Amino acid sequence: MNFKLENLLVELELYLQKPEVRACRAELERLIDDDFLEFAASGCSFGKPEVLARLPDERQPQIETSQFAVRELSEEVCQVTYRAKLKKADDNVTSFSIRSSIWRKHGEAWQIVFHQGTQCKPF
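Treat the numbers as computed from the prediction; the structure is a model and nothing was measured.

Peer 1: Could you clarify how one ought to interpret unusual backbone geometry in this entry?
Peer 2: Trans is the common state for peptide bonds, and a negative phi is the common state for residues other than glycine. Here the phi dihedral of Q67 falls at roughly 55 degrees; this positive angle occurs in a residue that is not glycine. Among the secondary structure elements, Q67 is positioned in strand β3 (residues 62-74). Assessed through its relative accessible area of 60%, Q67 is described here as exposed.

Peer 1: When you look at the layout of surface pockets in this model, what are you seeing that I'm missing?
Peer 2: Rolling a probe over the atoms, with the probe sized like a water molecule, indicates the empty space that remains. In this model, the largest pocket occupies a volume close to 850 Å³. Lining the largest pocket are 36 residues, and of these R22, E38, R54, L86 and R99 lie nearest its centre. If you list the elements that add at least two residues to the lining of the largest pocket, you get α1 (3-16), β1 (32-39), α4 (48-54), β4 (77-87), β5 (94-106) and β6 (109-119). The biggest single contributor to the lining of the largest pocket is β5, with four residues. Split by residue class, the lining of the largest pocket holds 19 nonpolar, seven polar and ten charged.

Peer 1: It is not clear to me how the nonpolar core should be interpreted in this structure. Could you clarify?
Peer 2: Counting residues in hydrophobic clusters, the biggest one holds 24 residues, and the most contacted among them are L9, L16, W103 and W110. Ignoring any residue separated from it by four or fewer positions in sequence, one finds L9 in contact with V70, C78, V80, W103 and W110.

Peer 1: Teacher, can you tell me more about the side chain of Q79 here?
Peer 2: Tracing the backbone through its elements, the reader meets Q79 in strand β4. Within the structure, Q79 has its side chain in polar contact with the side chain of R71 (distance 2.7 Å). Within polar-contact distance, the side chain of Q79 engages the side chain of S100 at 2.9 Å.

Peer 1: Is there a simple way to explain the pattern of salt bridges in this structure?
Peer 2: All told, the structure shown has eight salt bridges when counted by the stated rule. Among the salt bridges present, the one from K48 reaches E29, with a minimum N-O distance of 3.3 Å. Taken as a pair, K48 in helix α4 and E29 in helix α3 (residues 25-31) lie far apart in primary sequence, 19 residues in all. A residue is classified by how much of its surface remains accessible, and K48, at 5% relative accessible area, is buried. Ionic pairing is found between E58 and R54, a salt bridge with its closest N-O pair at 3.1 Å. You can call E58 partly exposed: its relative accessible area is 29%. The class of R54 is partly exposed, set by a relative accessible area of 35%. When salt bridges with common partners are traced through the structure, they connect R25, E29, D34 and K48 into a single cluster.

Peer 1: What should I look at first to understand the sheet that holds β5 in this one?
Peer 2: Two orientations exist for strands paired in a sheet by backbone hydrogen bonds: parallel and antiparallel. A sheet is described by the order of its strands in space; here six strands give the open sequence β2-β1-β6-β5-β4-β3, paired in mixed fashion. Unpaired on one side and paired on the other, β2 (45-47) and β3 mark the two borders of the sheet. Across the sheet, the mean angle separating the axes of adjacent strands is 15 degrees when strand polarity is ignored.

Peer 1: I keep staring at the environment of E6 and nothing clicks. Help me out?
Peer 2: Mapped onto the secondary structure, E6 falls in helix α1. Between the C-alpha atoms of E6 and A69, which are 63 residues apart in sequence, the distance is 8.2 Å. Ignoring sequence-local partners within four residues, the contact set of E6 consists of M1 and V70.

How each quantity is defined
Residues numbered from 1 in each chain as written. Predicted model: local features only at pLDDT ≥ 70, side-chain atom pairs only at ≥ 80, totals over all residues. Heavy atoms only, no water. Helix = DSSP H or I, 4+ residues; strand = E, 2+ residues; numbered from the N terminus. Buried < 20%, exposed > 50% of the residue type's maximum accessible area, 1.4 Å probe, protein only. 1 Å grid on protein atoms, 1.4 Å probe; cavity = no way out; pocket = protein on both sides within 12 Å on 5 of 7 lines; lining within 4 Å. Points joined across faces, edges and corners; volume = space filled by probe spheres on them. Nonpolar A, V, L, I, M, F, W, Y, C, P; charged D, E, K, R; others polar. Core = buried A, V, L, I, M, F, W, Y, C linked by side-chain atoms within 4.5 Å. Contact = heavy atoms within 4.5 Å. Polar contact = N/O pair within 3.5 Å; in protein donor to acceptor, adjacent residues only side chain to side chain. Salt bridge = Lys/Arg side-chain N within 4 Å of Asp/Glu carboxyl O. Pairing = 2+ DSSP bridges. Axes fitted to C-alpha atoms, helices over the stretch in contact; angles between N-to-C directions.

So yeah, pure geometry; function would need other evidence.
Put into structure tokens, the structure is as follows:
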């Protein structure tokens, strides 16, 4: 895997975590594949329409991430894994999870097509 691609995908993952991006429907439309599917740490699953309906109006949690790794699954598909610590503004609860995202290249642009968060012990 080339270092430039690895950095790009980590940057995209971090970009999607920014409150101003999570609140911007146009940016979410651009970055999220139409076939997107998420298995949330809560046990719920949803697609792009549910993300677009919910995320822009959600109070954004504080997100701390670490231990990024990128695997090339094919020439146009990569997996990004990392650990996330989320602190929700609503109830001041902190949760810990292991995250995995699948990114797919469309022309020159990359879009997230799958994401899963699995709760884990604090780290």
